[in-house]
Amino acid sequence: IDRGSEITPPEDVEEPLKYMEATSGLTPVTMVVVPEGFTEGQLGDYEILAKSAIDFLFTVEPYNSYREYFNVWILKVASEESGANITDGSGNITTTRNCYFGSQWGGDKYTDMKADSNKLFAFVEDNCPDIMDGSHTLEEVAIAMIINDERYAGICWSYGSGRGYAMAPYSLSGGPLTWAYPSMSAVSEQDPSEGTQTTPKSILDEVGSTRGDWRNTFVHEFGGHCFGRLLDEYWYADDKGPGDIPSQSWAVPFGLNISSSFDNPLWQTELLDRLDALVIHNPLYSRVGIFQGADVSILNRWRSERVSCMIDNRCYFSAWQRMLIVKRIMSLAGGTFDWNSFIIQDRPEDPSRDVAGNLTMNNALSLIPPHPVPLLPPPVLVERP
């Protein structure tokens, strides 16, 4: 349906800002950012935060190397009150904030975090120019919601059809946050029957910890879950994770970064079978393997690298995660994924471990008192809109 003649925002909505424009020559891959809990007088602050979050995301691979494929729209609508609703942690609102999309979550619990998805999806359909002109559908547009609330939180709601939205508050008013690697891990990478152990110091020293701020949550929830369709790769010590991962069979797959089988991981053909050549190309590919623990389960789930953004929010997606993200980019753009082109363009460095200039930043951050925070709950997976 051609809705080009309808591109006139309602009176309470400001004109969309096209912050990034695709130059690939293919169909633009569209992202949208929306505000929540910003009053009319705070929308200028929201625009600054939205630009900062998008800029931050596009410093992370593979988004950095594929930025010419993206349109990014910053949409603006005011809330009557600042902040988001506060719940008892079980979905019951205890403190009401008159925010536009009705966002809510617990004061010290995040598993009940949600917004009015019907209102959100209708708003994006009515105000995103790439949907309004008929060139895109809601299923093809990843939505990021930035919330004017200093409470720590974050979640992604993803649907089998491809649509989804990520929620990321301006936690601690932009103050520093730290995330740690899990303190327990599997004894064996292959055999779940060998049980669990305290994570060896050698592993903790190898991966380090992540220092950052709310934008790291944004990269994890929006870049990882919402657009990349990735499952979490951290785990809880008491979750043994038997069974399959049904979300892999969705119309638009979710969770292809995780295997429920050590013997036949999804990255076998494209990475493990070619690993010797990849390591010759760049020794950092030696980090690719099969590691037990993922999808919140310490056993019976496998991931492709020791650590990534989907474990501790660092600005690093694993090689397999990067490949999945690029495949999604090419699918939405109407292009063809080519393995050789991907490897030539791929940049496997982890800034936390491999970028020398990052040591100065880490030393500076180490002077700031740490604010350790827990990892956030897994994405909410919904079969239908």
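Residues numbered from 1 in each chain as written. Predicted model: local features only at pLDDT ≥ 70, side-chain atom pairs only at ≥ 80, totals over all residues. Heavy atoms only, no water.

J.: Hey, could you run me through the sheet that holds strand β16 (residues 296–303) in this one?
T.: Where strands meet in a sheet, backbone hydrogen bonds hold them as pairs that are either parallel or antiparallel. The three strands lie next to each other as β14-β16-β15, forming an open sheet whose pairing is mixed. The strands lining the two open edges of the sheet, one partner per strand, are β14 (235–236) and β15 (291–294). Sheet analysis places β15 next to β16, joined by three bridges and oriented antiparallel. The partner of Gln292 across the bridge, within β16, is Trp302. (Pairing = 2+ DSSP bridges. Helix = DSSP H or I, 4+ residues; strand = E, 2+ residues; numbered from the N terminus.)

J.: When you look at the side chain of Glu221 in this model, what are you seeing that I'm missing?
T.: Looking at the secondary structure, you find Glu221 in helix α5 (residues 214–227). Buried charge Glu221 goes without a salt bridge, the closest partner of opposite sign being Arg229 at 12 Å. (Buried < 20%, exposed > 50% of the residue type's maximum accessible area, 1.4 Å probe, protein only. Lys, Arg positive; Asp, Glu negative; His and termini not counted. Salt bridge = Lys/Arg side-chain N within 4 Å of Asp/Glu carboxyl O.)

J.: So what exactly am I meant to see when it comes to the pattern of salt bridges here?
T.: Two side chains carrying opposite charge are able to pair once their charged atoms lie near each other. Per the counting criterion, the structure on display carries 18 salt bridges. Notably, a salt bridge pairs Glu21 with Lys18, separated by 3.5 Å at the nearest N-O pair. Exposure remark for Glu21: the relative accessible area of 54% places this residue in the exposed category. Here Lys18 falls in the partly exposed class, since its relative accessible area comes to 34%.

J.: Looking at this structure, how should I read helix α1 (residues 43–57)?
T.: Note: α-helices contain 3.6 residues per turn, so residues at a spacing of three or four share the same orientation. Between the first and last C-alpha of α1 there are 21 Å, a value that for 15 residues agrees with the 21 Å anticipated at 1.5 Å per step. Those residues of α1 that sit buried are Leu43, Tyr46, Glu47, Leu49, Ala50, Ala53, Ile54, Phe56 and Leu57. (Expected span 1.5 Å × (residues − 1).)

J.: Any chance you could explain the packing of aromatic side chains here in plain terms?
T.: For any pair of aromatic rings, the description rests on two quantities: the centre-to-centre distance and the angle between the ring planes. Under the counting rule described, the total for this entry stands at 24 aromatic pairs. Taking the centre distance of 5.8 Å and the plane angle of 35° together, the rings of Tyr66 and Tyr69 count as tilted. Ring centres 4.9 Å apart and planes at 80° place the aromatic pair Tyr100 and Phe101 in the edge-to-face group. Under the relative-accessibility criterion, Phe101 is labelled buried at 0%. What links up through ring pairs into an aromatic cluster is the set Phe58, Tyr63, Phe70, Phe227 and Phe317. The ring of Tyr100 has Lys119 lying over it, and the distance from NZ or CZ to the ring centre is 4.1 Å. Between Arg328 and the ring centre of Phe227, over which it is positioned, the NZ or CZ distance is 5.4 Å. (Phe/Tyr/Trp six-rings, centres within 6.5 Å; stacked < 30°, edge-to-face > 60°. Lys NZ or Arg CZ within 6 Å of the ring centre and 35° of its normal.)

J.: In this structure, what is going on with the nonpolar core? I would like to understand it.
T.: Generally speaking, a soluble globular protein has its nonpolar side chains buried in company with each other. Counting residues in each nonpolar core, the largest one holds 59 residues, and the members touching the most others are Phe70 and Phe227. The element best represented in this core is helix α8 (residues 319–333), accounting for 10 residues. For Phe227, the contacting residues outside a window of four places in its chain are Val29, Met31, Tyr63, Phe70, Ala142, Phe222, Ile325, Arg328, Ile329 and Leu332. Grouped together as the second largest cluster of nonpolar side chains are 35 residues, Val32, Cys128, Val141 and Tyr159 included. (Core = buried A, V, L, I, M, F, W, Y, C linked by side-chain atoms within 4.5 Å. Contact = heavy atoms within 4.5 Å.)

J.: Please clarify how unusual backbone geometry should be interpreted in this entry.
T.: A negative phi holds for most residues other than glycine; trans holds for most peptide bonds. Backbone torsion omega between Glu61 and Pro62 reads 10°, so that peptide bond is classified as cis. Structurally, the position occupied by Pro62 is in the loop between α1 and β3 (70–77). Although it is not a glycine, Leu172 adopts a positive phi angle of roughly 55°. Assignment of secondary structure puts Leu172 in the loop between β9 (164–169) and β10 (177–179). Here Leu172 falls in the partly exposed class, since its relative accessible area comes to 26%.

J.: Help me understand the environment of Asp205 in this model?
T.: Summarising the element assignment, Asp205 is placed in helix α4 (residues 201–207). Each C-alpha atom of the pair Asp205 and Gly44 lies 42 Å from the other, and the pair is 161 residues apart in sequence. Within the structure, Asp205 has its side chain in polar contact with the side chain of Lys201 (distance 2.6 Å). (Polar contact = N/O pair within 3.5 Å; in protein donor to acceptor, adjacent residues only side chain to side chain.)

J.: Explain the pairing of β3 here, please?
T.: The side chains of a regular strand alternate between both faces of the sheet. Of all eight residues in β3, eight are buried, a share of seventy percent or more. Relative to β3, strand β1 (residues 13–20) runs antiparallel, the two sharing five bridges. Paired with Leu17 across the two strands is Ile74, which belongs to β3. Bridge count for strand β2 (residues 29–36) against β3 is five bridges, and the pairing is parallel. Counted as the bridge partner of Met31 is Val72 from β3. Between β2 and its parallel partner β3, the chain crosses via α1, and the hand of that crossover is right-handed. (Right-handed = clockwise from strand over helix to strand, strands pointing away.)

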